[in-house]
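Take a look at the letters that make up each chain.
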Amino acid sequence: MSTVNLIESFSEFKDLKNIDRVTMMGILEDVFRGVVKKRFGEEAKVDIIINPDKGDLEIWLNREIVEDDDLEDDNTQISLSEARKIEPDFEVGEEVSQEVKILDFGRRNILSLKQNLQSRILELEKDHLYNKYKERVGEIITGEVYQVWKRETLVLDDESNELILPKDQQIKSDFFKKGDTVRAVVWKVEMRNNTPVVILSRTAPEFLEKLFEQEVPEVYDGLINIKRIVREPGERAKVAVESYDDRIDPVGACVGMKGSRIHGIVRELRNENIDVINYTSNDQLLIQRALSPAKIGNIKLDTDNKRAEVYMKPDQVALAIGKGGHNIKLASKLTGFEIDVYRENDEVTDDVDLGEFADEIDQWIIDELRAIGCDTARSVLDIPVEELVKRTDLEEETISEVVRILKTELEG
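Residues numbered from 1 in each chain as written. Predicted model: local features only at pLDDT ≥ 70, side-chain atom pairs only at ≥ 80, totals over all residues. Heavy atoms only, no water.

1. Some points on the packing of helix α9 (residues 283-290) against helix α11 (residues 326-335)
- α11 packs onto α9 with a crossing angle of 150° between their chain directions and a minimal axis gap of 9 Å. Taken together, the axes of α9 and α11 lie roughly antiparallel to each other. Of the two possible hands of crossing, α9 and α11 adopt the one that is right-handed. Across the interface between the two elements, Leu286, Ile287 and Ala290 from α9 touch Asn327, Ala331, Leu334 and Thr335 from α11.
- Here the residues of the contact of α9 with α11 are counted per class, giving five nonpolar, two polar and no charged. (Axes fitted to C-alpha atoms, helices over the stretch in contact; angles between N-to-C directions. Helix = DSSP H or I, 4+ residues; strand = E, 2+ residues; numbered from the N terminus. Parallel < 35°, antiparallel > 145°, perpendicular 65-115°, else oblique. Left-handed = near helix turned anticlockwise from the far one by under 90°. Contact = heavy atoms within 4.5 Å. Nonpolar A, V, L, I, M, F, W, Y, C, P; charged D, E, K, R; others polar.)

Structure below.
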């Protein structure tokens, strides 16, 4: 193995990993100096000259000329007689510089040198990748799908760095194949076994926030502030926005003319329904807006326990709860209040928590109803049987029996 081959092998690595020239020179010099010191000792005076452009490397050993009888260390001194074989005019006290050939180190040292070189470059790449993405957490990146596995997808960035998009950070309807372009937010950067792992997400609220920044100039410029975002990825999202500029309609600006701005975001999120509402510090008004498109009648707040009893007309209850209970779940998350929905004129004393029916209704059926936002007997009875069949995995016969039990309790 020659010096030139060693440098060439590094140059190929450099091109692949985009290491800058100054750093490359520093690594090469450190690695070669370590091998030289091992060969000639710590006291040896050595000059290492590297030309990274041409791939040239020169190692020069500098030794002091001494009288033949005073020679003590071949690595730092050279006898006068030996020096004059190189140049007849040399005198005692002068310094002789001799080039050291890489082959003089021996095969074992050369292999060790190459391994050290590769190890140093790999460590540098790890640091580069970790620091680069640690600073970009929360930013959107665009990459290319390289490999799809059951639990995660491998994505390559523009420098061919490997990034991970876990299955649980993908929208349910996401389907990727090799070569696809994918957008995601940098969710977090971890060190696993001393190796940086960059984890992406398409389900994080930050992904939706950054999409708004890209699509809505007023959000990017700070004229519109996104106060809160809650999501059921791929299903529904609610975004509370505000602007300190009275001339700007924050909701209208985010949606765009005929939905032009928000359509691109919806497509990126696999047709996720996005409700954009005006933020307010008034809890009652925020709950009313958060439950849109349902029209609210009256709201009773328990601010100490963060609970809200919302009354509305019977035909609005299904809208407030939403498909799969997503609307009421997201409204609760957005406002910070646990929201219970009632038909107008219902008294709370007329209602009974579903948990009270555990001796008559199987627990798994109660859990299924709670999953769609029905926590009480009235909330179940407010929804038509056909609608309950669509929203749950329950049979019509089962639901009819549940309704009979609930009605018997409330009306009996």
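2. Digging into the pairing of strand β11 (residues 236-243)
- Most of β11 sits inside the fold, with eight of its eight residues counted as buried.
- A two-sided burial pattern is seen for β11, the buried positions comprising Arg236, Lys238, Ala240 and Glu242 on one face and Ala237, Val239, Val241 and Ser243 on the other.
- Sheet analysis places strand β10 (residues 224-232) next to β11, joined by eight bridges and oriented antiparallel. Residue pairing in the sheet places Glu232 in a bridge with Arg236 of β11.
- Between β10 and the antiparallel strand that follows it, β11, lie three residues; Gly234 among them carries a positive phi value of about 85°.
- As paired elements, β11 and strand β12 (residues 273-278) share six bridges and run parallel to each other. Among the inter-strand pairings, Ala240 is bridged to a residue of β12, identified as Ile277. (Buried < 20%, exposed > 50% of the residue type's maximum accessible area, 1.4 Å probe, protein only. Pairing = 2+ DSSP bridges.)

Such coordinate-based values are descriptive only and should not be taken to indicate function.
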